[in-house]
Amino acid sequence: MEELTGEEVASLHSEYVMQSWHKQGGPVKPIKKADGIYFWDYDGKRYTDMSSLLVCSNLGHELPEIVDAIKEQADKMCFMAPAYASEPKSRLAKMLVDVADPDFYQRVFFTNGGADSNENAIKMARMVTGRPKIFSCYRSYHGSTIGASNASGDWRRFATELGGSAPGFVHFMNPNMYEDGYTRGVDDAAVTADYLHRLDEQLQYEGPDTVAAILMESIVGANGVILPPEGYMEGVRALCDKYGILMICDEVMAGFGRTGKMFAWQNFNIKPDMFTFAKGVTCGYVPLGGVVVSKRISDYFTDHVLQCGLTYSGHTLACAAGVAAVNYYLEHDVCAHVKEMEGILKPFLESMVEKHKCVGEARCIGLFSALTIVKNKETRELMAPYHTPNSVMPQIMAKLMDLGFSTFGRETNINICPPLIITAEQLEEELPKLDEVLTWVDKNLCD
Ligand code: PLP
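Read on for a plain summary of the structure. (Residues numbered from 1 in each chain as written. Predicted model: local features only at pLDDT ≥ 70, side-chain atom pairs only at ≥ 80, totals over all residues. Heavy atoms only, no water.)

Quick notes on the overall build of the protein chain
Then comes step 1: Helices and strands together make up the secondary structure of the protein chain, namely 14 helices and 15 strands.
Then comes step 2: What you see for the protein chain is a C-alpha radius of gyration of 22 Å, in line with the 22 Å of a compact globule of 447 residues.
Then comes step 3: Across the 447 residues of the protein chain, 57% fall into the buried class.
Then comes step 4: Expressed as a percentage of contacts within the protein chain between residues at least 6 apart in sequence, the contacts between residues at least 24 apart total 72%.
Then comes step 5: Accessible area of the protein chain: about 19,300 Å², with a carbon and sulfur share of 54%. (Helix = DSSP H or I, 4+ residues; strand = E, 2+ residues; numbered from the N terminus. Rg over C-alpha atoms; globule rule 2.2 N^0.38 Å. Buried < 20%, exposed > 50% of the residue type's maximum accessible area, 1.4 Å probe, protein only. Contact = heavy atoms within 4.5 Å. Areas by Shrake-Rupley, 256 points an atom, 1.4 Å probe, with all protein chains shown as cover.)

Following this line, the structure appears as structure tokens:
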């Protein structure tokens, strides 16, 4: 088949593809190839993938170890139905349990991505506890299918609620120290106590014995890498224990080495009863997600039928990609490398707070980071207040993109989450571009 030109690719897309989160038919950039931490458009312009696409391509693009594993598996067996065992699925399930904690976790239910992982975790929590309600945070995103979207807290939920509100979802406010007016490292204990008190109160008003699970991102990602105050996650775990509620951590974005630990919940002194994953498990080379469940949950389903099923659960090609990716994380000690790179990224971002009028706060754990962009640093007036249409942040993203620095931001944040394999030299080459754009923001958009 003759290759299409970039223009043809873009125009077919605009005419025939339903584009997520957009009005249809708008312009779209066609991308021709990707390699390592870079991708290229059809004009040959190179972009550095400073967000790992959607915080997904943790090991960069076209990693030979994953590509070869997919090819080898494709030659043997692309697909086998969930009812059968296959080598990649069996291997990957054990690898994930071993990495998480084989004394506490037992089994994996495989899915196709993040949203259906959360859907299935929610179903399991309801089946195990016999309780209907799911508590989740306002400052969160869990996916866009009906259940995951209803569980999500941010405004992307509103349209789904119109199109199919699912019952039993209750939201609670989770802390965002900067936007709430506090100082990290100073006010943590007070903020933690306050937010936990309010959550406890809300649980009591809802009736704790009607609550199946508290679902939360281990570290809130798309809404701005919101690091919880000291003690908060442990406090939520304690409330779950107090009321017999299951704790589900969503590791879809924060998992697989992103924070310098294989799973982000390992940064806290907690073990969720279940955690969901996707993205980094295959780095998106083939779609895959899943739910890792504790021995207790697993035991429940040895006596009860697991009423969950997906044609592609444990997809053979996807699991082969997963085995190769997890092997790579472990054999190359990617977590240690991430911690080393944090040593460059974090001080740089903190220096941006010192230098720029427009940077209110920097948050960074591993290679998971975001800047809060403000109009006025004294008053903490945000550049883009929550859920207000504005063209300011897209303008900032476009400036970065012009410099070949590809990333995303939501609301008033710029996320910086490069592939975990980025080298010190590559980081040092990219970060000045961010500095340059922030200087432009200071001059043109701040009070
Ligand atoms: N959970 C979190 C924390 C996410 O960031 C995302 C997507 O960005 C999802 C779930 C949904 O994943 P998917 O788009 O694979 O359904």
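From this point, the narrative continues.
Here we look at the pattern of salt bridges
Then comes step 1: Applying the stated criterion across every chain, the model contains 20 salt bridges.
Then comes step 2: A salt bridge links R46 to E429, with the nearest nitrogen and oxygen atoms 3.7 Å apart. With R46 in strand β3 (residues 46-49) and E429 in helix α14 (residues 424-445), this residue pair connects regions lying 383 residues apart in the sequence.
Then comes step 3: Between R139 and D180 there is a salt bridge, and its shortest N-O distance comes to 3.0 Å. Remark: D180 occurs in the loop between β6 (169-172) and α8 (188-206) and R139 occurs in the loop between β5 (133-137) and α6 (146-151); sequence separation between them is 41 residues.
Then comes step 4: Take R139: its relative accessible area is 17%, and that puts it in the buried class.
Then comes step 5: Among the ionic contacts, a cluster of salt bridges with common partners joins D154, R156, R410 and E411. (Salt bridge = Lys/Arg side-chain N within 4 Å of Asp/Glu carboxyl O.)

A short note on the site of the ligand
Then comes step 1: Every residue near the ligand is listed here: G113, G114, A115, N118, Y141, H142, G143, E217, D250, V252, M253 and K279.
Then comes step 2: Note that an oxygen atom of the ligand is positioned 2.8 Å from one of the backbone N or O atoms of A115.
Then comes step 3: D250 has a polar side-chain atom sitting 2.7 Å from a nitrogen atom of the ligand.
Then comes step 4: Here the ligand has 390 Å² of accessible area as a free molecule, and 78% of this is covered by the chains.
Then comes step 5: It is helix α5 (residues 114-129) that contributes the most residues to the shell around the ligand, 3 residues altogether.
Then comes step 6: Classifying every residue of the shell around the ligand gives 4 nonpolar, 5 polar and 3 charged. (Near = heavy atom within 4 Å. Polar contact = N/O pair within 3.5 Å; in protein donor to acceptor, adjacent residues only side chain to side chain. Nonpolar A, V, L, I, M, F, W, Y, C, P; charged D, E, K, R; others polar.)

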